[in-house]
Amino acid sequence: MNATNTPMDYLPIVMMFLVAFGFVATTMFLTHKLGPKRKTKIKLESFECGIHSEGNARLPFSVKYFLVAILFVLFDVEVIFMYPWAVNFKDLGLPGIIEVFSFIILLLVGFYYLLAKKALRWED
Amino acid sequence: MLGYTITQWLFGILSFLAIMFALMVVFTRNPINSVLYLVLTFFCIAGHYLLLNAQFLAVVHIVVYAGAIMVLFLFVIMLMNLNQDTEPQKTVISKVVAAIAGGLLLFVMVGALRGSEQLQIKQYGHSDIGLVKNLGNVLFHDFLFPFEIASVLLLAAMVGAIMIGKKEIK
Amino acid sequence: MLNGISINMYIMLSAVLFIIGAVGVMARRNSIILFMCIELMLNAVNLLLVAFSTLHVDAKGQVFVFFVMAVAAAEVAVGLAILSMIYRNMKTIDIDELSKLKH
C-alpha cells in the first residue's frame with residue numbers, strides 16, 4: 001500500500017485491453033477479407049430445416065427473469081459498501097461489526113420479504 | 001508529443017470518446033444500440049476515474065453500472081421486445097427545440113464557469129485517497145449515518161420493486 | 001505544474017455530458033431511453049465529484065459517489081418495475097401517450 005499509485009501504473013491494463021481488442025478486430029477484419037463471400041438470399045437466412053424463417057430473432061421473454069435481475073442489482077450495490085468494511089475490518093473492530101450488521105439486517109428483512117412473497121419462485 | 005503529457009493525451013482521448021458515445025446514446029434509433037453505447041460511455045468514465053486516482057471507484061463503477069444497471073436496462077428492452085420499428089419519434093420541431101434549449105444551457109454553463117480559477121489537479125503525489133482502505137475509513141467515520149440510511153433506501157426499493165413487479169399473488 | 005489537467009476541463013466535460021443527457025430527456029419519447037439519459041446526467045455529476053475530490057485531496061467526494069450509485073440503483077429498480085407494469089397494462093412506453101392523468 002506504500003508504493004506510489006499513479007495512473008501510469010494502470011498503463012499495462014490499458015495495453016492489455018488494447019491488445020485484446022486489437023486481436024479481435026484484426027481477426028475479424030482478416031476473416032472478412034480473406035474468406036470468400038457468396039451473398040445469396042438463402043445463405044443470408046438463418047438456418048431452419050426446410051421451413052422459411054419468420055419474424056424477429058428477439059422474442060419477448062418472461063417477466064420472471066426481470067424480478068431476479070432487479071433484485072440482483074439491489075444486492076450488487078450492497079457490495080460496494082461491504083468491500084471498504086472488509087478491508088478495514090481490523091481497524092474498525094467491534095463497532096464496525098455492529099454497524100455493518102445493522103446494515104445487513106435491514107437488507108435481510110427485505111430478503112425475508114421477497115421470500116415470503118415468493119418473488120424468486122420460478123413456477124406459478 | 002506536441003507539448004502534451006501522456007496524461008493529457010489520455011484525458012483528451014477519453015473525453016472525446018465519452019462525448020461521442022453519449023451523443024450516440026441520444027441519437028441512435030435502436031434502443032438496444034443505445035444501451036450498448038451507454039455501456040461504452042461508462043467505460044470511458046471509468047477511465048477518467050483511473051486518471052483521477054480513484055481506482056476503487058473505477059472498478060465499482062464498472063461492476064455496478066456496466067455490469068448490473070445496464071444489464072437490467074437490456075433485460076427490460078428485450079422483455080418489451082423493442083427495436084427500431086417500434087421506436088416512437090418526436091416531431092422534428094420538438095427535437096430542434098430540445099437541441100436549441102440544450103445549446104443555450106451549455107452556453108450559460110460555459111459562460112458561468114469559464115471565469116473560475118485554473119486549478120491544476122495533482123495527478124502525481126497524494127495519490128492513495130482512492131484506495132479502498134482510505135475510503136472505508138471515511139465511510140465508517142464521517143458518513144456512518146448516511147450509510148445506515150442507504151440500507152433503508154435499498155430495503156424500500158426492494159419492497160417497492162416486488163410490490164409493483166410481482167403479478168397478483170395467488 | 002504543467003503535466004496536470006486543469007479542473008476547468010473536467011467542469012466542461014461534465015457540463016457537456018450533463019447537457020447531452022438533458023437533451024436526450026427532451027428529445028426522445030421512449031421512457032427507457034429517458035431513464036438512460038438520467039443515468040448519464042447522474043454520471044456527469046459523479047465525474048465532477050471525483051474530480052473535485054482529487055483536486056482537494058479529500059476522499060469525501062468519492063464516498064459521496066457511493067451514495068449516488070446506491071440511489072441510482074434504487075431508482076432504476078423501482079422505475080423499471082413501474083415501466084414494465086405500465087407496459088403490461090397499456091402496451092406502450094411512449095411518454096407522449098402516457099398522458100391519462102391530464103384528462
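Here the structure is a predicted model, which means the values were calculated and not measured.

Scoring rules and cut-offs
Residues numbered from 1 in each chain as written. Chains lettered and ligands numbered in written order. Predicted model: local features only at pLDDT ≥ 70, side-chain atom pairs only at ≥ 80, totals over all residues. Helix = DSSP H or I, 4+ residues; strand = E, 2+ residues; numbered from the N terminus. Buried ≥ 20, exposed ≤ 12 C-beta atoms within 10 Å, placed from the backbone. Contact = placed C-beta atoms within 7 Å. Axes fitted to C-alpha atoms, helices over the stretch in contact; angles between N-to-C directions. Parallel < 35°, antiparallel > 145°, perpendicular 65-115°, else oblique. Nonpolar A, V, L, I, M, F, W, Y, C, P; charged D, E, K, R; others polar. Expected span 1.5 Å × (residues − 1). pLDDT = per-residue confidence, 0-100.

Draft legend 1. Focus on the overall build of chain C. Helix and strand counts for chain C stand at three helices and one strand. The linear arrangement of helices and strands in chain C, starting from the amino end, is β-α-α-α. Summarising its shape, the C-alpha atoms of chain C cover approximately 60 × 25 × 20 Å along the three principal directions. The burial tally for chain C puts 56% of its 103 residues in the buried class. Contacts in chain C between residues at least 24 apart in sequence constitute 45% of all its contacts with a sequence separation of at least 6.

Draft legend 2. Local environment of the packing of helix H2 (residues 31-51) of chain B against helix H2 (residues 31-55) of chain C. With their axes 11 Å apart at the nearest point, H2(B) and H2(C) run at an angle of 5° to one another. Between H2(B) and H2(C), the angle is such that the two are roughly parallel. Two secondary-structure elements touch here, H2(B) through B:Pro31, B:Ser34, B:Val35, B:Leu38, B:Thr41, B:Phe42, B:Ile45, B:His48 and B:Tyr49 and H2(C) through C:Ile32, C:Ile33, C:Met36, C:Leu40, C:Asn43, C:Leu47 and C:Val50. Considering only residue class, the contact of H2(B) with H2(C) consists of 12 nonpolar, four polar and no charged.

Draft legend 3. Molecular detail of the interface of chain C and chain B. Taken together, the contacts link 61 residues of chain C with 71 residues of chain B. Considering every element that reaches the side of chain C that touches chain B, the biggest residue donor is helix H3 (residues 60-90) of chain C, with 21 residues. Across the side of chain C that touches chain B, the residue classes tally to 46 nonpolar, 10 polar and five charged.

Draft legend 4. Representation of helix H1 (residues 7-27) of chain C. In this model H1(C) runs 30 Å from its N-terminal to its C-terminal C-alpha over 21 residues, within 8% of the 30 Å that 1.5 Å per residue would give. Buried residues dominate H1(C), accounting for 15 of its 21 residues.

Draft legend 5. Structural detail: the confidence of the model for chain C. All names here are of chain C. Mean pLDDT over chain C works out to 86, with 93% of the residues at or above the 70 mark. The least confident element of chain C is strand E1 (residues 5-6), whose mean pLDDT is 78; the most confident is H2, at 91. The complex model carries a pTM of 0.85, and its ipTM stands at 0.90.

Draft legend 6. Focus on the interface of chain C and chain A. Tallying the contact residues gives nine residues for chain C and eight residues for chain A. Residue composition of the side of chain C that touches chain A, grouped by class: eight nonpolar, one polar and no charged.

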